[in-house]
Amino acid sequence: MVKPDGVQRGIVGEIISRVEKKGLKIVALRMNVIAESVAKEHYNEHEDKPFFASLISYVTSGPSVSMVIEGKNAISTMRTINGATNPADALPGTIRGDFAIETGRNVVHASDSVDSGKREIGIHFEMSEISDYSKIDEEYLYE
Ligand code: UDP
Ligand code: MG
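Rules of the game
Throughout, a residue's number is its position along its own chain's written sequence, starting from 1. For naming, the first written chain is A and the first written ligand is 1, with later ones following in the order written. Totals for whole chains, interfaces and linings use every residue, but because this is a predicted model, local features are given only for residues with pLDDT of at least 70 and side-chain atom pairs only at 80 or more, for both listing and counting. The side-chain values count all of the structure's non-hydrogen atoms but skip hydrogen atoms and water molecules. What counts as a helix is a DSSP run of H or I of at least four residues, what counts as a strand is a run of E of at least two, and both are numbered from the N terminus. Each residue is placed in one exposure class: buried if its accessible area under a 1.4 Å probe, protein chains only, is under 20% of its type's maximum, exposed if it is over 50%, and partly exposed if it falls in between. Whether two residues touch is decided by their heavy atoms; if any such pair falls within 4.5 Å, the residues are in contact. With residues, only the protein chains shown are counted as cover, and all accessible areas are computed by Shrake-Rupley using a 1.4 Å probe. The charged-residue count follows a simple rule in which Lys and Arg add positive charge and Asp and Glu add negative charge, with His and chain termini not counted at all. By convention, the point assigned to a charge is CZ for Arg, NZ for Lys, CD for Glu and CG for Asp. Every case where a carboxyl oxygen of Asp or Glu lies within 4 Å of a side-chain nitrogen of Lys or Arg is listed as a salt bridge. Put simply, a residue is near a molecule or strand once any heavy atom of it comes within 4 Å of that molecule or strand. By the criterion applied in these results, polar contacts are pairs of N or O atoms within 3.5 Å in which, for protein atoms, one can donate a hydrogen and the other can accept it, and in which residues neighboring in sequence qualify only through two side-chain atoms. Only Asp, Glu, Lys and Arg are considered charged, only Ala, Val, Leu, Ile, Met, Phe, Trp, Tyr, Cys and Pro nonpolar, and every remaining residue, Gly among them, polar. Regarding the arc, it is the one traced by the directions from the helix axis to the C-beta atoms.

S.K.: For the overall build of the protein, give the residues involved together with the corresponding values.
M.R.: What the protein contains, in helices and strands, is 8 helices and 2 strands. Secondary structure elements of the protein occur, N-terminal to C-terminal, as α-α-β-α-α-β-α-α-α-α. Principal-axis analysis of the C-alpha atoms places the extent of the protein at approximately 45 × 35 × 25 Å. Within the span of the protein, comprising 143 residues, buried residues form 41% of the whole. A sequence separation of at least 24 residues applies to 72% of the contacts in the protein between residues at least 6 apart. Split by element, the accessible area of the protein, about 8400 Å² in all, is 52% carbon and sulfur. Separation between the mean location of the 16 positive side-chain charges and that of the 22 negative ones in the protein comes to 3 Å.

S.K.: Which residues make up the pattern of salt bridges, and what values go with them?
M.R.: Counted according to the given criterion, the structure contains 7 salt bridges. Residue Lys-25 is joined to Glu-70 by a salt bridge in which the shortest nitrogen-to-oxygen separation is 3.4 Å. Placement of Lys-25 in strand S1 (residues 25-32) and of Glu-70 in strand S2 (residues 64-70) is noted, with a sequence separation of 45 residues between them. Judged by its relative accessible area of 10%, Lys-25 falls in the buried class. Of the residues examined, Glu-70 reaches a relative accessible area of 39% and is grouped as partly exposed. Here Lys-25 ties to Glu-138 by a salt bridge, and the two come within 3.2 Å at their closest N and O atoms. Taken together, the positions of Lys-25 in strand S1 and Glu-138 in helix H8 (residues 138-141) put the pair 113 residues apart, joining distant regions of the chain.

S.K.: Please set out the site of ligand 1 residue by residue, giving values where relevant.
M.R.: What surrounds ligand 1 is the set Lys-3, Tyr-43, His-46, Phe-51, Leu-55, Tyr-58, Arg-79, Thr-85, Arg-96, Thr-103, Gly-104 and Asn-106. His-46 places a side-chain nitrogen or oxygen 2.8 Å from an oxygen atom of ligand 1. Within the side chain of Thr-85, an N or O atom sits 2.5 Å from an oxygen atom of ligand 1. The fraction of the free accessible surface of ligand 1 (500 Å²) that becomes covered by protein chains is 79%. A per-class count over the shell around ligand 1 returns 4 nonpolar, 5 polar and 3 charged.

S.K.: Tell me what's going on with helix H7 (residues 114-124), and back it up with residues and numbers.
M.R.: Among all positions of H7, only Ser-116, Gly-117, Glu-120, Ile-123 and His-124 are buried. Down the axis of H7, the sector holding all buried residues measures 125°, keeping them to one side. Exposed side chains of H7 directed beyond 90 degrees from the buried face belong to Val-114, Asp-115, Lys-118 and Gly-122. Looking at the buried positions of H7, the neighbouring elements they touch are S1, helix H3 (36-42), S2 and helix H5 (74-82).

In structure tokens, the structure reads:
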């Protein structure tokens with residue numbers, strides 16, 4: 001997900017481009033303002049944390065871009081592309097390392113496990129919004 005700060009800062013294309021150039025496959029994509037109830041469900045693991053209220057107001061503050069991304073090791077690869085949660089710790093070359101300063105404005109989200117990925121897809125997408133397709137570069141990306 002490109003969070004609202006990423007949309008406002010005009011780096012949606014840059015972020016999507018990194019995903020595409022890596023070779024991962026985007027199988028669903030949408031821009032919308034996430035409802036507060038949806039944001040709370042998405043981040044329910046953090047509901048007791050001191051930053052929960054500010055996190056919910058941040059991710060619902062404007063449109064964000066949600067994607068379902070497919071590919072070998074897609075979960076760990078996307079976490080690596082995004083970089084550390086605190087942009088101060090994120091390496092140059094990662095999205096957070098290149099484009100963010102503070103944890104509370106860290107531009108992107110990615111699921112942290114297959115189970116959380118399935119759960120988050122279910123929160124944000126209908127199955128009919130997910131495209132099952134092949135890309136012509138697959139035989140050159142995978143051996
Ligand atoms: N967050 C925050 N303050 C913190 C920790 C987290 O504002 O001290 C926000 C930040 O936007 C982060 C999100 O809460 O991306 C979810 O936190 P998590 O630890 O799950 O990090 P992520 O999975 O996004 O790297
Ligand atoms: Mg997380």
